[in-house]
Amino acid sequence: MKVLALDVSTKTGWAVFEPPVGTAEWVGKGVKIETSASGWGLKKYGLIKNPKKVQEYGVYPWSYLNACSAMAQQLLKLANEEKPDAIVIEETNGSKARYTQKVLEMLHCCLLDRLAVYMTGTPVYYVNSSEWRKTLGLVLSKEDKKANKKLKVAKKLSAATGKKLNRTELGIRGIVNKKHIAIRYVNDTYCKNFLVKDNDICDAICLGTAYLKGCSICDGK
């Protein structure tokens, strides 16, 4: 069995999972897989993005359709190459930026349309971001909260006094948020060294890991 996890957006993070080498199904395959605590392995991962900005794909509204179509085609190619037994996609969240939301929803539609035609029989599951985070226990630690509070207080003091904020002196790099926690989880679980710029890949890895751990599937309600 193989699972493809997708954090779908204009910069789509993806991850492929398979049972680890040594299980009956994969003995002798020679596939290098980094095993997680879930008993499954992270085989490969990456980031797919269009070479141009959405607005560069023609005149509005066709620019949106063309950009989403191009991304969906790249994701379909990935799915065809990997031939997963299941595809897991992160559910969309609402956004106040209407054009960002527009392209995101359109992209999901374009992808599903292609999967329905060219990946017939492959089940597709959606998972809420809040669900995969809960399944993996991704919350701010006491240390994270203390550091965030310390930085917040320091910023207020800096604004009031006009003195430049020295984060190095304070021993603080910046606010710890959900993205940082996901990256930290992936690095700890799979012995990686991902950075903040790799957050889309890490979200896909977390999504796939949570699915394999039995997180709840979104039913569209």
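Higher on the page you've got the structure.
Residues numbered from 1 in each chain as written. Predicted model: local features only at pLDDT ≥ 70, side-chain atom pairs only at ≥ 80, totals over all residues. Heavy atoms only, no water.

Of all hydrophobic cores here, the largest spans 29 residues; its most connected members are Phe17, Trp132, Leu138, Val186, Ile205 and Cys206. By residue number, the principal contributor to this core is helix 7 (residues 199-212), which donates nine residues. Other than its neighbours up to four places away in sequence, Ile205 contacts Ala15, Phe17, Leu42, Tyr45, Val186, Tyr190 and Phe194. Counting 26 residues, the second largest nonpolar core, distinct from the first, contains Cys68, Met71, Leu76 and Tyr126. (Core = buried A, V, L, I, M, F, W, Y, C linked by side-chain atoms within 4.5 Å. Buried < 20%, exposed > 50% of the residue type's maximum accessible area, 1.4 Å probe, protein only. Helix = DSSP H or I, 4+ residues; strand = E, 2+ residues; numbered from the N terminus. Contact = heavy atoms within 4.5 Å.)

Right, let's get into the environment of Tyr190. Here Tyr190 lies in helix 6 (residues 178-190). Taking C-alpha positions, Tyr190 is 9.0 Å from Gly41, a pair spaced 149 residues apart along the chain. Within the structure, the side chain of Tyr190 is placed 2.8 Å from the side chain of Thr209, a separation counted as a polar contact. (Polar contact = N/O pair within 3.5 Å; in protein donor to acceptor, adjacent residues only side chain to side chain.)

Moving on, we get to the environment of Tyr118. Mapping Tyr118 onto the fold places it in helix 2 (residues 98-118). Setting aside residues up to four positions removed in sequence, Tyr118 forms contacts with Leu76 and Asn80.

A few words on the pattern of salt bridges. With the rule as written, the count across this model stands at seven salt bridges. A salt bridge links Lys2 to Glu82; the shortest N-O distance between them is 3.3 Å. Taken as a pair, Lys2 in the segment before strand 1 (3-7) and Glu82 in helix 1 (residues 62-82) lie far apart in primary sequence, 80 residues in all. Close ionic contact of Glu131 with Lys134 constitutes a salt bridge, the shortest N to O distance being 3.5 Å. In this pair, Glu131 and Lys134 both sit in helix 3 (residues 129-136), three residues apart, roughly one turn of the helix. With a relative accessible area of 61%, Lys134 lands in the exposed category. Three or more residues joined by partner-sharing salt bridges are found here, namely Lys2, Glu18, Lys43, Lys44 and Glu82. (Salt bridge = Lys/Arg side-chain N within 4 Å of Asp/Glu carboxyl O.)

A few words on the packing of helix 6 against helix 7. Two quantities define a packed helix pair, namely the angle between the helix axes and the distance between the axes. Orientation of helix 6 relative to helix 7, taken along the N-to-C sense of each, is 65°, at an axis distance of 9 Å. When the axes of helix 6 and helix 7 are compared, the pair comes out roughly perpendicular. For the pair helix 6 and helix 7, the crossing hand works out as left-handed. In this structure, helix 6 uses Lys179, Ala182, Ile183, Tyr185, Val186 and Tyr190 to contact helix 7, whose residues at the interface are Asn199, Cys202, Asp203, Ile205, Cys206 and Thr209. (Axes fitted to C-alpha atoms, helices over the stretch in contact; angles between N-to-C directions. Parallel < 35°, antiparallel > 145°, perpendicular 65-115°, else oblique. Left-handed = near helix turned anticlockwise from the far one by under 90°.)

Keep in mind these numbers describe shape, not what the thing actually does.
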